[in-house]
Amino acid sequence: GESVGLHLPTLSVQEGDNSIINCAYSNSASDYFIWYKQESGKGPQFIIDIRSNMDKRQGQRVTVLLNKTVKHLSLQIAATQPGDSAVYFCAENKHGQNFVFGPGTRLSVLP
Amino acid sequence: DTAVSQTPKYLVTQMGNDKSIKCEQNLGHDTMYWYKQDSKKFLKIMFSYNNKELIINETVPNRFSPKSPDKAHLNLHINSLELGDSAVYFCASSQRQGNSPLHFGNGTRLTVT
């Protein structure tokens, strides 16, 4: 399930299930979006990106969906593994300006 | 082989001190950045810099100053450290500003006592 409060939102999923992490971005003019994964003690690591001329993009076990109408971005992880446990960030960019990061979601994979 | 490396990984210091964090990238990227991550994991841009232009987030106190001896290095110097400066600071680089992914270092955890 998902919990939101004073702490970082957390999504808990069973190992082997699919995960969906959501992000509401702020600027309707943003045209480039990236998902990052941050493991404990490390910097954010690039997962997948998508530009505004696309609605969907697939990588290895990951899919990003972009809904510009409602300014929503999602990251789907297939067959979630323990190594997927991390904090996930979406980042948006408008016309080559600096990226703005979302608040992050902690993904916890249960055995 | 580390693409973006920053030192030190941990920095503990007292209020009022001046400290520096070093960053180097071996990716040949044109633009480098400093981000601050607070205790709630929120990532906020502090500076972006290429060989032509320094862009400063207006909310960053002028006690923070980036120094770039060359294209591959962007160091962060902090004067008169305050308790509220405690955070994790990330260096990053990108091939082009805003139009290509950021590559992050592994962060420097700064603790001001």
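Above this text is the structure in question.
Residues numbered from 1 in each chain as written. Chains lettered and ligands numbered in written order. Predicted model: local features only at pLDDT ≥ 70, side-chain atom pairs only at ≥ 80, totals over all residues. Heavy atoms only, no water.

Caption draft 1: Region of interest: the packing of aromatic side chains. Under the definition given, this model contains twelve aromatic pairs over all chains. On the numbers, 6.5 Å between centres and 80 degrees between planes, the contact of A:Tyr36 with A:Phe46 is edge-to-face. Of this pair, A:Tyr36 sits in strand β4 (residues 32-38) while A:Phe46 sits in strand β5 (residues 45-51), placing them ten residues apart in sequence. Ring centres 6.0 Å apart and planes at 75 degrees place the aromatic pair A:Phe101 and B:Phe104 in the edge-to-face group. In this pair, A:Phe101 is assigned in strand β10 (residues 100-101) and B:Phe104 in strand β10 (residues 103-104), connecting two distinct chains. This pair shows no difference in class: A:Phe101 is buried, exactly as B:Phe104 is. When the ring centre of A:Tyr32 is taken as reference, the NZ or CZ atom of A:Arg51 above it lies at 3.8 Å. (Phe/Tyr/Trp six-rings, centres within 6.5 Å; stacked < 30°, edge-to-face > 60°. Helix = DSSP H or I, 4+ residues; strand = E, 2+ residues; numbered from the N terminus. Buried < 20%, exposed > 50% of the residue type's maximum accessible area, 1.4 Å probe, protein only. Lys NZ or Arg CZ within 6 Å of the ring centre and 35° of its normal.)

Caption draft 2: Summary view of the environment of B:Lys52. All names here are of chain B. The residue Lys52 is located in the loop between β5 (43-49) and β6 (54-56) in this model. Among the residues examined, Lys52 registers a relative accessible area of 77% and is labelled exposed. Residues Lys52 and Pro66 lie 14 residues apart in sequence; the distance between their C-alpha atoms is 14 Å.

Caption draft 3: Spotlight on the pairing of β5(B). All names here are of chain B. Of all seven residues that make up β5, five are buried, and the element is covered over most of its length. Relative to β5, strand β4 (residues 31-37) runs antiparallel, the two being bridged by six bridges. Its bridge partner lying in β5, Trp34 is registered against Phe47. Where β5 and β6 come together, three bridges link them in antiparallel fashion. From the neighbouring strand, Phe47 faces β6, where its bridge partner is Ile56. What sits between the antiparallel neighbours β5 and β6 is a turn of four residues. (Pairing = 2+ DSSP bridges.)

Caption draft 4: Representation of the pattern of salt bridges. Residue and element names in this part refer to chain B. This structure, assessed with the given rule, holds six salt bridges over all chains. Taking the shortest distance from any N to any O, the salt bridge between Lys71 and Asp30 comes out at 3.0 Å. Placement of the pair is Lys71 in the loop between β7 (64-70) and β8 (73-78) and Asp30 in the loop between β3 (19-25) and β4, with a sequence separation of 41 residues. You can call Asp30 partly exposed: its relative accessible area is 36%. The closest approach of N and O atoms between Arg63 and Glu82, which form a salt bridge, is 3.5 Å. On the criterion of sequence distance, the pair formed by Arg63 in the loop between β6 and β7 and Glu82 in the loop between β8 and β9 (87-94) is long-range, its members being 19 residues apart. Its relative accessible area of 13% is what places Arg63 among the buried residues. Where salt bridges share partners, they join Arg63, Glu82 and Asp85 into one cluster. (Salt bridge = Lys/Arg side-chain N within 4 Å of Asp/Glu carboxyl O.)

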